[in-house]
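# Residue-level structure breakdown
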Amino acid sequence: MASSSLAFPTLQPQFQSLKNKSTSKPSTRRLSFRTIRASVSEKPSVSAPGVTVSPPENTKLPIRKIPGDYGLPLVGPFKDRMDYFYNQGRDNFFKSKVLKYGSTVFRANMGPGPFIAPNPQVVVLLDGKSFPVLFDVTKVEKKDLFTGTYMPSTELTGGYRILSYLDPSEPMHAKLKKFMFYLLKSRRDHVIPEFKASYTELFTSLEKDLALKGKANFVAANDQAAFNFLARAWFGTEPAQTSLGLDGPGLVSKWVLFNLGPVLSLGLPKYLEDLTIHSFRLPPSMIKKNYQRLYDFFYASSSFLLDEAENLGISREEACHNLLFSTCFNSFGGMKILFPNMMKWLGRAGAKLHAQLAEEIRSVVQSDGGNVTMRGMEQMPLMKSAVYEALRIEPPVPLQYGKAKRDLIIESHDAAFEVKEGELLFGFQPFATKDPKIFTRAEEFVADRFIGEGEELLKHVLWSNGPETEKPTLGNKQCAGKDFVVLVARLLVVELFLRYDSFEIEVGKSSLGAAVTVTSLKRARF
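Quantities reported herein were computed from a predicted structural model and do not represent experimental measurements.

## Considering the sheet that holds strand β3 (residues 140–141)
With mixed pairing, five strands are arranged side by side in an open sheet as β1-β2-β8-β5-β3. One side of each edge strand has no neighbouring strand; the edge strands of this open sheet are β1 (105–109) and β3. The pairing of β1 with strand β2 (residues 121–125) spans five bridges and is classified as antiparallel. Bridged to Ala108 within β2 is Val122. Relative to the sheet, helix α4 (residues 90–101) contacts β1, β2 and β8 (424–428), its axis offset from that of β1 by approximately 130°.

## A look at the UniProt feature "binding site: heme" (unreviewed entry) in the chain
In this structure's numbering, the residues bearing the UniProt feature "binding site: heme" (unreviewed entry) are Cys479. As for its position among the elements, Cys479 is in the loop between α16 (429–432) and α17 (482–499). When its relative accessible area of 2% is taken as the criterion, Cys479 is described as buried.

## Some words on the packing of helix α8 (residues 248–260) against helix α12 (residues 316–349)
It is the contact of α8 with α12, at a shortest axis distance of 11 Å, that shows an interaxial angle of 95°. Classified by the interaxial angle, the pair formed by α8 and α12 is roughly perpendicular. Counting all contacts with α8, which are made through Pro249, Val252, Ser253, Trp255, Val256, Asn259 and Leu260, the residues of α12 involved are Leu324, Phe325, Cys328, Phe329, Phe332 and Lys336. Partitioning the contact of α8 with α12 into residue classes produces ten nonpolar, two polar and one charged.

## Quick word on helix α13 (residues 351–367)
Given 3.6 residues to a turn, an α-helix orients residues that are three or four positions apart in the same direction. For α13, spanning 17 residues, the distance from its first C-alpha to its last is 24 Å, which sits close to the expected 24 Å at 1.5 Å a residue. Turning to α13, its buried residues number three or more, namely Leu353, His354, Leu357, Ala358, Glu360, Ile361, Arg362, Val364 and Val365. In this structure, the buried side of α13 is in contact with α12, α14 (374–377), α15 (381–393), α17 and β9 (500–508). Positive backbone phi, approximately 75°, marks Gly369, located one or two places after α13.

## Quick word on the packing of aromatic side chains
Evaluation of the coordinates by the stated rule reveals 37 aromatic pairs. Centre to centre, the rings of Trp345 and Phe445 are 5.9 Å apart; their planes meet at 15°, and the pair counts as stacked. On the criterion of sequence distance, the pair formed by Trp345 in helix α12 and Phe445 in the loop between α16 and α17 is long-range, its members being 100 residues apart. Accessibility classification places Trp345 together with Phe445 in one group, the buried group. Here the aromatic residues Tyr84, Phe85, Tyr86, Phe93, Phe94, Tyr401, Phe426, Phe428 and Phe431 are joined through ring pairs into a cluster of three or more.

## A closer look at unusual backbone geometry
A cis geometry characterises the amide bond from Gly111 onward to Pro112, with omega recorded as 10°. Residue position: Pro112 is located in the loop between β1 and β2. Omega for the peptide link from Pro114 to Phe115 comes to 5°, which places this bond in the cis form. For Phe115, the location among the structural elements is in the loop between β1 and β2. Positive phi outside glycine occurs at Leu74, with the angle close to 70°. Here Leu74 is to be found in the loop between α2 (37–41) and α3 (75–87). What makes Leu74 exposed here is its relative accessible area of 52%. In this structure, Asn465 is a non-glycine residue whose phi angle is positive, near 65°. Tracing the sequence through the fold places Asn465 in the loop between α16 and α17.

## Points about α3
Its 13 residues place the ends of α3 only 15 Å apart at the C-alpha level, less than the 18 Å of an ideal helix rising 1.5 Å per residue. Of the positions making up α3, those classed as buried are Gly76, Pro77, Asp80, Arg81, Met82, Asp83, Tyr84, Phe85 and Tyr86. Among the structural elements, α4, β1, α9 (270–276) and β5 (399–404) are those in contact with the buried residues of α3. Phi for Gly89, located one or two positions after α3, is positive at around 90°.

## Some details on the pattern of salt bridges
For the coordinates displayed, the defined rule picks out 30 salt bridges. Measuring nitrogen to oxygen at the nearest pair gives 3.6 Å for the salt bridge that ties Asp80 to Lys97. Of the two residues, Asp80 sits in helix α3 while Lys97 sits in helix α4, which places them 17 residues apart along the sequence. Judged on exposure class, the residue Asp80 and its partner Lys97 are both buried. As a salt-bridge pair, Arg232 and Glu201 come within 3.3 Å of each other at their nearest N and O atoms. Of this pair, Arg232 sits in helix α7 (residues 218–235) while Glu201 sits in helix α6 (residues 191–213), and the two are 31 residues apart along the sequence. With relative accessibility at 42%, the residue Glu201 sits in the partly exposed group. Beyond isolated ion pairs, a larger network of salt bridges with shared partners links Asp144, Arg161 and Glu170.

Conventions and cut-offs
- Residues numbered from 1 in each chain as written.
- Predicted model: local features only at pLDDT ≥ 70, side-chain atom pairs only at ≥ 80, totals over all residues.
- Heavy atoms only, no water.
- Pairing = 2+ DSSP bridges.
- Helix = DSSP H or I, 4+ residues; strand = E, 2+ residues; numbered from the N terminus.
- Contact = heavy atoms within 4.5 Å.
- Axes fitted to C-alpha atoms, helices over the stretch in contact; angles between N-to-C directions.
- UniProt positions renumbered as here; feature names shortened; annotations may be inferred.
- Buried < 20%, exposed > 50% of the residue type's maximum accessible area, 1.4 Å probe, protein only.
- Parallel < 35°, antiparallel > 145°, perpendicular 65-115°, else oblique.
- Nonpolar A, V, L, I, M, F, W, Y, C, P; charged D, E, K, R; others polar.
- Expected span 1.5 Å × (residues − 1).
- Phe/Tyr/Trp six-rings, centres within 6.5 Å; stacked < 30°, edge-to-face > 60°.
- Salt bridge = Lys/Arg side-chain N within 4 Å of Asp/Glu carboxyl O.

Pasting the structure below:
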């Protein structure tokens, strides 16, 4: 997934330079102690464009002082943190400030703040016009900003700063991103068959639970299916036949908690939670053995990839930690959030849309001799649009950060604002991609929004740390797996409606993502 903050719904919510050689790398394989058009079907550009500094921008809009303030030291950050997590909640926190300041650009504090993040002060960007500055690496730096105003300990990633935390200006960024392109390109032929196998197992499990209990937990079944699929498709490994067994999803969830705890809400009493995970880091030593099991699994499963990493000038250890992070945090994490959200929005859309999708998908697959192909899916405009709409209305990566490289002028729809070099910019993507000045019926799930002339709006679909109309390169921070994520989301919809005419769900409360329970699956009749 994209290089930005990511949170896991079932956990109940949403740097320094590399150490020197003697301290940054494990001495042995065991520890002491982030779709990809280019990656799926095309060879990516291998040259990282040089970063240039543009002259100061001109604007025809009135220049306005950025409204808002940060409050008194400690007091202001604490108040904003309590409002964000508890008193108002995330969306209302931003809505209330938009109303208070009459602006979609303002100053505020973002958690966790004291005592984890020394500087919580950000300039907030909440509209579709100002938000894209966060993608422009000639204007903003992305170093160590994947999780926002703080960075988790590198003890959680083997002593290495992972690709997601690197700025394109750093030499290892291009090497590691090229390595991820290699992974995706070299294993692209395995994606469709392994997805079908893994999600056939998921649907079979859901049907059994429905027969026995009258309902089925989609989230739990999806976790296991997603982990199995990624291990099979990318590494040719069956987790259940290794020492990892079926423990992968649980181990990943615990590890993610230690990475993202400061920006999650676990549903504990607010002052207890705030004084623990929002004020102090969980000790990495508590998760060391669990991470070691994951590391050993990936090291044993990826020798052919580690050989290529060495050819690219990356040590086997650093490559393995990046494979683990890309698979477990970025890809598994993305599927963990996106797939339940897809089920939620499609389920709420109702039987009429289900019938339209089933007819489109089945007619194309039948004309392809019963096979699901990437070429065939390109001939399913409603299905493609529905996937893009799910990514628009509830992007799986909601938070983006970037530090101004120089003095900037940032424009919203109504005004321009001066930002000083070194200021931290923060964008809350669900507001930008539901900007009513860009999208009609912006708060509604409109499945056919991106058909025909609607394709012009894809440049405003921003989930991948860049516009949907652009692609990842070695010189930008757009998600290396952009086209891969779109592909697997399409495969979920295709396999769902090849098997079922319609389905019904219940959606429970969750701070991020969706807690989806399937209550009905109507098998295909044509």
